[in-house]
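A closer look at the structure
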Amino acid sequence: MDQRASAFWVRWKANRLAYTLTILVTLTIGILMGTIISYGVKGQEAKKASDATPLTVPAPQQLSNQFSNISKQLEPSVVNINTESTIKTPQRRRRAPGGTPGSPDDSNPFDDFFDRFFGGPGGGGAGGGSIRERSLGSGVLVDSKGYIVTNRHVVEKADRIRVKLDDDPPGVLHDAKVPTAKLGNSESMQVGDWVLAVGSPFGLQATVTAGIVSAKGRNIVPGRQFQSFIQTDAAINPGNSGGPLVNMAGEVIGINTAILTDTNAYAGVGFALPSNTVANVYNQLIGPEHRVSRGSIGIEFNAQENPAIARVYGVNSGVTISNVVAGSPAEQAGLKVGDNINSVDGRPVKNGDDLVSDIASRKPGAKVTLGVIRNGKKQDITVTVADRAKLFASRLGEEEDSSDSSTPKESKLGLSVRAVTPDIADRLDIPAGKGVIVQDVKPGSFADDVSLSRGDVILEINKQPVNTEDDFTRISSTLKSGQDVVFLVRQRGAGRQDGTIFLAGTLP
């Protein structure tokens, strides 16, 4: 074995160059063959893949850019609304030293007197005080003069309303151009259309959420007319109320109003008042009468459609009258129970909500032609539209003149007063017939700003004696914005021996 190995190494050394070349040539041929075979396989694979049509995915940038462009356009016109209101609280009771449980807090000997004579703190019912409640909402500027559209419940019963624009620094006043939003036609929206909701949810200003129109014509309050809503799944939360719902053209097609939820937060179901309804209400509010009037012809019908009614009365569409109000335009025009209204001025009537919406949008005194089917025969009847509030006043509690003459009128100063009677003067130890006593001060008013309080006695206004309620009304009515106003006041609890003070300010 050793001899064979030795002979091999002798031959290798003698022919080393030839052996090396042989090995290299063999390796090279193997590599080339592998490359050619691999290329052929890859070529066949590429040829097979080219027979398929490539799938394409639309670029997301277009939709994303559209959202951002609309947001930049709308955000400056959406405002944050802060409101403050006063909520009266029950009288606070505690155990007085040496007293019995539940005895009133006797820290101020005048509390009981003012509560009995003036109805508790703030002029309300019996109570021991009040708290200030603050809330947030949104609104949208629709006029460069500064007019804002929002929901009634955002500002209802508020004592003070303050608005913050998108880029307003805290506490800084400045001249600026007021951007406004463009109103769109809510009737043009279809279920599935993209929409954006803009507002201040939970106080987070300039928040934008996206969704679609989930449904149209939603009546979310049973029995409540004139409130047919757009449903959306764009996120709406507390603070969004009053903000705009916007289409992809950047137009306001609704005002965000309500959400359906068990948690008071977003659950995927929100509602916006359609822009067409908003425009109708807004135009009436800025009109000469500054009130919303809705037309009516004085008929009633079933709120829910019933196929049995349609079959019995031989109709397939429209609204079948179930009652005609006595003395109404409908009665005067000859409409009767069982008549079926299927058109208004030639436009087909879909259902009861459609009819109410059409008639309600018309001004009282306008004439309308109704297409009516009576006993299977078609005819046209012309009816004059009346004011719904007057027509149904007894039922709605909306008498034209429902003001109570005994209710004190609020003055521009933000307070109400009462004459100092001999009984009151004796109890307060002040001169009788001198001054008027402050009954109530509106929070956030001029009177509040100059520190007038319930129970203070106003003796003079700008050096003019105020001894009766008529004196107060006459003098305060002459005061103008920008004028300095100085009250000579005997503060609450001050007797004859105590002095008087001045409370003053410039009327806004």
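The coordinates are above.
Structure report, in brief. In this text the structure is predicted, and so the values were computed from the model without any measurement.

1. Observations concerning the overall build of the chain
The helix and strand tally for the chain stands at 14 helices and 26 strands. Across the 508 residues that make up the chain, the buried fraction comes to 34%. Look at the contacts in the chain between residues 6 or more apart in sequence, and 60% of them connect residues 24 or more apart. Carbon and sulfur atoms form 53% of the exposed surface of the chain, whose accessible area is close to 30600 Å².

2. Here we look at the packing of aromatic side chains
Across all of its chains, the model carries two aromatic pairs by this definition. Ring geometry for Phe67 against Trp194: centres 5.3 Å apart, planes inclined by 70°, an arrangement best described as edge-to-face. Of the two residues, Phe67 is situated in helix H3 (residues 61-74) and Trp194 in strand S6 (residues 194-199); the sequence distance between them amounts to 127 residues. Where Phe446 meets Phe487, the ring centres are 6.4 Å apart and the plane angle is 40°; that geometry is what we call tilted. Highlighted residues: Phe446 in helix H13 (residues 446-449) and Phe487 in strand S25 (residues 484-490), separated in sequence by 41 residues. With relative accessibility at 7%, the residue Phe446 sits in the buried group.

3. Structural notes on the nonpolar core
Judged by nonpolar contacts, the single largest core of 21 residues is most densely connected at Leu413, Leu415, Leu452, Ile458, Ile461, Phe472 and Phe487. Within the residue set of this core, elements represented by two or more residues are strand S21 (415-419), strand S22 (436-441), H13, strand S23 (457-461), helix H14 (469-478) and S25. Look past the residues within four positions of Leu413 in its chain and what remains in contact with it is Ser445, Phe446, Ala447, Phe472, Ser476, Leu479, Phe487 and Leu507. One finds Ile321, Val349, Leu355 and Ile359 within the second-largest nonpolar core, a separate group that totals 18 residues.

4. Let's talk about unusual backbone geometry
Even without being a glycine, Asn375 presents a positive backbone phi close to 55°. Looking at where Asn375 falls in the secondary structure, it is placed in the loop between strand S18 (367-374) and strand S19 (377-384). The backbone phi angle of Lys463 is positive, close to 70°, even though this residue is not glycine. Structurally, the position occupied by Lys463 is in the loop between S23 and strand S24 (464-465).

5. Topic: the pattern of salt bridges
Taken as a whole, this structure holds twelve salt bridges when the rule is applied. Here Arg152 ties to Glu156 by a salt bridge, and the two come within 3.2 Å at their closest N and O atoms. With a closest N to O distance of 3.0 Å, Arg362 and Asp345 form a salt bridge. With a gap of 17 residues between them, Arg362 in the loop between helix H9 (352-360) and S18 and Asp345 in the loop between strand S16 (340-344) and strand S17 (347-348) connect regions that are remote in the sequence. A single salt-bridge network, built from bridges that share partners, covers Asp345, Arg347, Asp354, Asp358 and Arg362.

6. Examining H9
Of all the nine residues making up H9, seven are buried; the element is thus mostly covered by neighbouring parts of the structure. All of the buried residues in H9 are Gly352, Asp354, Leu355, Val356, Asp358, Ile359 and Ala360. Sitting at the amino-terminal end of H9 is Asn351, which places a side-chain oxygen 3.2 Å from the backbone nitrogen of Asp353.

7. A look at H14
Every buried residue belonging to H14 is among Asp471, Phe472, Ile475 and Ser476, and all of these are buried. Down the axis, H14 shows its buried residues gathered within 115° of arc, on one side only. Of the surrounding elements, those touching the buried residues of H14 are S21, S23 and S24.

8. Brief notes about the environment of Pro465
Relative to the assigned elements, Pro465 resides in strand S24. When the C-alpha atoms of Pro465 and Val436 are compared, they prove to be 10.0 Å apart, with 29 residues separating the residues in sequence. If we skip the residues at most four places from it in the chain, Pro465 touches Leu459, Glu460, Asp471 and Ile475.

Parameters and conventions
- Residues numbered from 1 in each chain as written.
- Predicted model: local features only at pLDDT ≥ 70, side-chain atom pairs only at ≥ 80, totals over all residues.
- Heavy atoms only, no water.
- Helix = DSSP H or I, 4+ residues; strand = E, 2+ residues; numbered from the N terminus.
- Buried < 20%, exposed > 50% of the residue type's maximum accessible area, 1.4 Å probe, protein only.
- Contact = heavy atoms within 4.5 Å.
- Areas by Shrake-Rupley, 256 points an atom, 1.4 Å probe, with all protein chains shown as cover.
- Phe/Tyr/Trp six-rings, centres within 6.5 Å; stacked < 30°, edge-to-face > 60°.
- Core = buried A, V, L, I, M, F, W, Y, C linked by side-chain atoms within 4.5 Å.
- Salt bridge = Lys/Arg side-chain N within 4 Å of Asp/Glu carboxyl O.
- Polar contact = N/O pair within 3.5 Å; in protein donor to acceptor, adjacent residues only side chain to side chain.
- Arc of directions from axis to C-beta.

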